[in-house]
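Each chain, written out:
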Amino acid sequence: MPTKEIEAIKGIDIPRYMGRWYEIASFQSSFQPKDGINTRATYTLNEDGTIHVLNETWSGGKRSYIEGTAYKADKDSDEAKLKVKFYVPPFLPVIPVTGDYWVLYLDEEYRVALVGQPSRKYLWILSRTNELDEAIYDQLVQKAVDVGYDVSKLHKTPQTNPPPEGTEGPVDKKGIWWIKSLFGK
């Protein structure tokens, strides 16, 4: 049972949050390949104030990605509660899927973040680098425990050094990972 109500941070500087974030750990989900490595998200501020989202992972030696849009859930609030909308399947994007993206913790330097949502079904530990000091990782895990997350479901995401740059490598243009995810693979 949750020990504390889940809250998003307040006063986030959205332009400063933009850029690349590496997934250090997450709850595995149906919309990501289970064998994904080097998973990362790149956020870019659009002129209209929305955020372009590029989520990438490498699975079976191929780069898989999906693009979407994030926006403040309540434009008048200073809480870091965003909505993210993707269109699926990625090879024929016609069905809109929207989810919550709440920044639960962000260090002062904007180097590490804990991201989740009110149902506690999803959780991400993100870093500006593809490695994270174990003590900092443990602190983020404890923050998740403090707001009622079952961290036994947390899975560390394999990252290589150096991480892939740009869009190198073959691309999964058929969305095979997405089809496999429908069957829990």
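Structure: see above.
Residues numbered from 1 in each chain as written. Predicted model: local features only at pLDDT ≥ 70, side-chain atom pairs only at ≥ 80, totals over all residues. Heavy atoms only, no water.

**Regarding the nonpolar core**
- Membership of the largest hydrophobic core comes to 26 residues, with the highest contact counts inside it found for I12, Y17, Y43, Y101, L106 and L126.
- Taken together, the elements giving at least two residues each to this core come down to α1 (14-17), β2 (37-45), β3 (51-59), β4 (62-72), β5 (81-88), β6 (95-106), β7 (112-116) and β8 (123-127).
- For this core, the leading source of residues is β5, giving 4 residues.
- Setting aside residues up to four positions removed in sequence, Y43 forms contacts with Y17, M18, G19, W21, I51, H52, V53, Y101 and L126. (Core = buried A, V, L, I, M, F, W, Y, C linked by side-chain atoms within 4.5 Å. Buried < 20%, exposed > 50% of the residue type's maximum accessible area, 1.4 Å probe, protein only. Helix = DSSP H or I, 4+ residues; strand = E, 2+ residues; numbered from the N terminus. Contact = heavy atoms within 4.5 Å.)

**Thoughts on the pairing of β2**
- With 4 bridges connecting them, strand β1 (residues 19-27) and β2 associate as antiparallel partners. Bridge assignment links R20 to a residue of β2, and that residue is T42.
- Here β2 pairs with β3 via 7 bridges, running antiparallel. Across the sheet, the residue bridging to T42 is L54, located in β3.
- Counting the residues that bridge the hairpin from β2 to β3 gives 5 residues, and of these G49 lies at a positive phi of roughly 90°. (Pairing = 2+ DSSP bridges.)

**A look at the pattern of salt bridges**
- One pass over the full model with this rule turns up 5 salt bridges.
- One salt bridge in this structure joins E56 and R40, with 2.8 Å as the shortest N-O distance. Of this pair, E56 sits in strand β3 while R40 sits in strand β2, placing them 16 residues apart in sequence.
- Residue E56 is classed as buried on the basis of its relative accessible area of 3%.
- Since its relative accessible area comes to 2%, R40 is described here as buried.
- Among the ionic pairs, E56 bridges to R63, the shortest N-O distance being 2.7 Å. (Salt bridge = Lys/Arg side-chain N within 4 Å of Asp/Glu carboxyl O.)

**Regarding the environment of P93**
- Tracing the backbone shows P93 in the loop between β5 and β6.
- Distance in space between the C-alpha atoms of P93 and I66 is 9.5 Å, their sequence separation being 27 residues.
- P93 has contacts with Y87 and V88, leaving out every residue within four places of it along the chain.

**Considerations on the side chain of S26**
- Its location among the elements puts S26 in strand β1.
- Side-chain polar atoms of S26 contact the side chain of E23, separated by 3.3 Å.
- Sequence-distant contacts of S26, defined by excluding residues within four places in its chain, comprise Q32, L123, W124, K153, L154, H155 and T157. (Polar contact = N/O pair within 3.5 Å; in protein donor to acceptor, adjacent residues only side chain to side chain.)

**A look at the environment of G11**
- The topology assignment puts G11 in the segment before α1.
- A residue is classified by how much of its surface remains accessible, and G11, at 51% relative accessible area, is exposed.
- For G11 and E79, which are 68 residues apart along the polypeptide, the C-alpha to C-alpha distance reads 6.4 Å.
- Beyond its immediate sequence surroundings of up to four residues, G11 is in contact with D78 and Y110.

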